[in-house]
Amino acid sequence: MIIGAGYVGLTTGLALAYVGHKVDVIEKNKEKLNKLKSKTSPIYEKGVQELIELVKDNINFWEKPDEVIKEAEIVIIAVGTPPKKNGEADLSYLEDAIRDILKKINLEKDYTLAIKSTVPIGTNNKIDNIIKEFYREKGIESKIHLASNPEFLREGMALYDTLYPDRIVIGSLSAKAISDLQELYKPILQQTFTPPSFINKPNAFNLPHLIITDPTSSEMIKYAANAFLALKISFINEIAGLCEKVGANIKDVARGIGTDKRIGISFLNAGIGWGGSCFPKDTLALLEFAKEIGYNMPIVSAAREVNQRARKAVIDKLKTYYGDLREKTIAVLGLAFKPGTDDVRESPALDIIKILLNEGAKVKACDPVALQNAKKAIGINEKINFFTNPYEAVEGVDAAIFATEWPEWANLDFVKLASKMRTRLFIDGRNFYEPEEVKKAGFTYMGVGR
Ligand SMILES: NC(=O)c1ccc[n+]([C@@H]2O[C@H](COP(=O)([O-])OP(=O)(O)OC[C@H]3O[C@@H](n4cnc5c(N)ncnc54)[C@H](O)[C@@H]3O)[C@@H](O)[C@H]2O)c1
């Protein structure tokens, strides 16, 4: 049984159903639940819709755990842990989920409970104490075997990462929980399933690592991984800023350092910075946690600072061109925080839009799939219009900022774009295009660090 049918819970549920398990997914949001019950994906994620149809006999969706908890053997919690106002992770969804389970649990039966949500270091131990106390009050010994089982999937590649992960981490002090989870993930660990035709196994894929550790180290692995990836991007953005000052080309610099095996090329794309539902909240939660215990983490703080600067740098470029942005109309191409998802949580594009609006500009915002979520996040504002077609979005604008590298926009017709814009200024916030190609259409091209 899986609690929470978000990007993580739904993907995990579908992947486990695909490799042969019987899965019940609990989702309390009625709109999402109704969609799932009618075999429609509530999220935009490659392969999810196809898999929902393919595995329908192995998966069921419920509003509450009540009807299925008694039969369940393994319960995975994948509810959200968004940031509170003070930056700490909000654990109220997790606490509610645990309360829901305990209310209806079969006290005679053993369960393995895996916490997949990203939770602050020490949370698993606290949950363990709550559960033990619950059983103690009933005069019996706890039959819940707890494990931390963090998730590392990337939105936009969620199913791919779930079926072909680099590693699976299990942090537990319970031998039963470890062996249950090992068994659950066996088809993935040993790659014994036939890959779905629409989510191919990567070439030369090595079997995933299995990392078994204690719960605290497991929680730490998740935060450390996200903090490291975030700072890798911030590092290249910091170098990109320097490249601009001295006329170096960040693309060549990134290749030059990334081909060193000790460094690696991934996450060295300079741009407008990281966003999404994980890096911003997890780096913040890590800092908050460290602060609480009196530990300074200057590297993680700096990564966040550089990330904010990366967004502002785009606006600075516009300002060097225009001076004042009042009454200018700017197209923002791409609203999702990355391609392949409709998720706009902490999207750099939305931050840039906010700054543009504050500067008095009008915005034409464009995305192929994330408009609904973007409209919800931005709210009603007469100075912003929404589009799915980039050629319509740039009609009469004074500049276009390219914010999300959607593959379907890889071959934009720059001559056509140019013919629609009032001023041919193109700011490539993802270094996605060849500057010469863009310039050929008459544009002033500004990339990041080149
Ligand atoms: N999204 C990612 O890329 C990603 C990657 C790795 C880890 N994580 C972590 O995984 C967790 C989930 O992330 P997400 O992006 O899937 O979140 P999400 O917000 O997309 O989904 C969470 C879902 O849980 C549901 N829910 C909350 N409480 C519930 C309850 N008591 N019963 C039933 N359903 C409930 C919500 O309605 C929502 O649909 C977070 O802790 C996140 O940090 C996310």
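Basis of the calculations
- Residues numbered from 1 in each chain as written.
- Predicted model: local features only at pLDDT ≥ 70, side-chain atom pairs only at ≥ 80, totals over all residues.
- Heavy atoms only, no water.
- Helix = DSSP H or I, 4+ residues; strand = E, 2+ residues; numbered from the N terminus.
- Buried < 20%, exposed > 50% of the residue type's maximum accessible area, 1.4 Å probe, protein only.
- Contact = heavy atoms within 4.5 Å.
- Domains from an automatic or database assignment.
- Buried area = accessible area lost by both parts, 1.4 Å probe.
- Salt bridge = Lys/Arg side-chain N within 4 Å of Asp/Glu carboxyl O.
- Polar contact = N/O pair within 3.5 Å; in protein donor to acceptor, adjacent residues only side chain to side chain.
- Nonpolar A, V, L, I, M, F, W, Y, C, P; charged D, E, K, R; others polar.
- Near = heavy atom within 4 Å.
- Areas by Shrake-Rupley, 256 points an atom, 1.4 Å probe, with all protein chains shown as cover.
- Expected span 1.5 Å × (residues − 1).
- Axes fitted to C-alpha atoms, helices over the stretch in contact; angles between N-to-C directions.
- Parallel < 35°, antiparallel > 145°, perpendicular 65-115°, else oblique.
- Left-handed = near helix turned anticlockwise from the far one by under 90°.

What follows is about the environment of N373. Structurally, the position occupied by N373 is in helix α14 (residues 371-378). Judged by relative accessible area, N373 falls into the partly exposed class, the value being 23%. When the C-alpha positions of N373 and P339 are compared, they lie 14 Å apart, and in sequence the two are 34 residues distant. For N373, the contacting residues outside a window of four places in its chain are Y7, D342, D343 and V344.

Here we come to the domain arrangement of the protein chain. Taken domain by domain, the protein chain comprises domain 1 (2-213) and domain 2 (279-446). Taking only C-alpha atoms into account, the centre of domain 1 sits 33 Å from that of domain 2. With 17 residues of domain 1 at the interface, the matching set in domain 2 holds 19 residues. Together domain 1 and domain 2 conceal approximately 1,400 Å² of surface at their shared face, both sides included; 53% is due to carbon and sulfur atoms. In terms of surface lost to domain 2, no three residues of domain 1 exceed Y44, I121 and E155, which account for 41% of the buried area on that side. There are one salt bridge connecting domain 1 and domain 2. Here R345 and E155 are joined by a salt bridge, their closest N and O atoms 3.8 Å apart. Across the contact surface, domain 1 and domain 2 share five residue pairs in polar contact (both at pLDDT 80 or more). Class assignment for the residues of the side of domain 1 that touches domain 2 results in eight nonpolar, five polar and four charged.

Surveying the vicinity of the ligand reveals 28 residues, the closest of which are E27, K32, T81, E155 and K281. Taking K28, its main chain carries an N or O atom lying 3.3 Å from a nitrogen atom of the ligand. A distance of 2.6 Å separates an oxygen atom of the ligand from a polar atom in the side chain of T81. When the ligand is considered free in solution it has 830 Å² of accessible area, and contact with the protein chains removes 92% of it. Going through the elements one at a time, α1 (7-18) and α4 (92-104) are the ones with two or more residues in the shell around the ligand. Its residues assigned to classes, the shell around the ligand shows eleven nonpolar, eight polar and nine charged.

Taking 1.5 Å per residue, 15 residues should reach 21 Å; helix α5 (residues 123-137) reaches 21 Å between its end C-alpha atoms and fits that length. In the core, the buried residues of α5 are packed alongside α4, β5 (111-115), β6 (144-148) and α9 (215-246).

Taken N-terminus to C-terminus, the directions of α9 and helix α12 (residues 298-322) make an angle of 45 degrees; their axes are 8 Å apart at the nearest point. In terms of orientation, α9 lies oblique with respect to α12. Note that α9 runs across α12; the crossing there is left-handed. Contacts from A227, L231, S234, N237, E238 and E244 in α9 reach I299, V300, A303, V306, N307, R309, A310 and K317 in α12. Per-class residue counts for the contact of α9 with α12 are seven nonpolar, three polar and four charged.

This part covers the packing of α12 against helix α13 (residues 348-358). For the pair α12 and α13, interaxial distance at closest approach is 10 Å and the crossing angle is 45 degrees. Between α12 and α13, the interaxial angle falls into the category oblique. Crossing of α12 over α13 shows right-handed handedness. For the pair α12 and α13, contact is made by Q308, R311, V314, I315 and L318 and by P348, D351, I352, I355 and L356, respectively. The class makeup of the residues in the contact of α12 with α13 is seven nonpolar, one polar and two charged.

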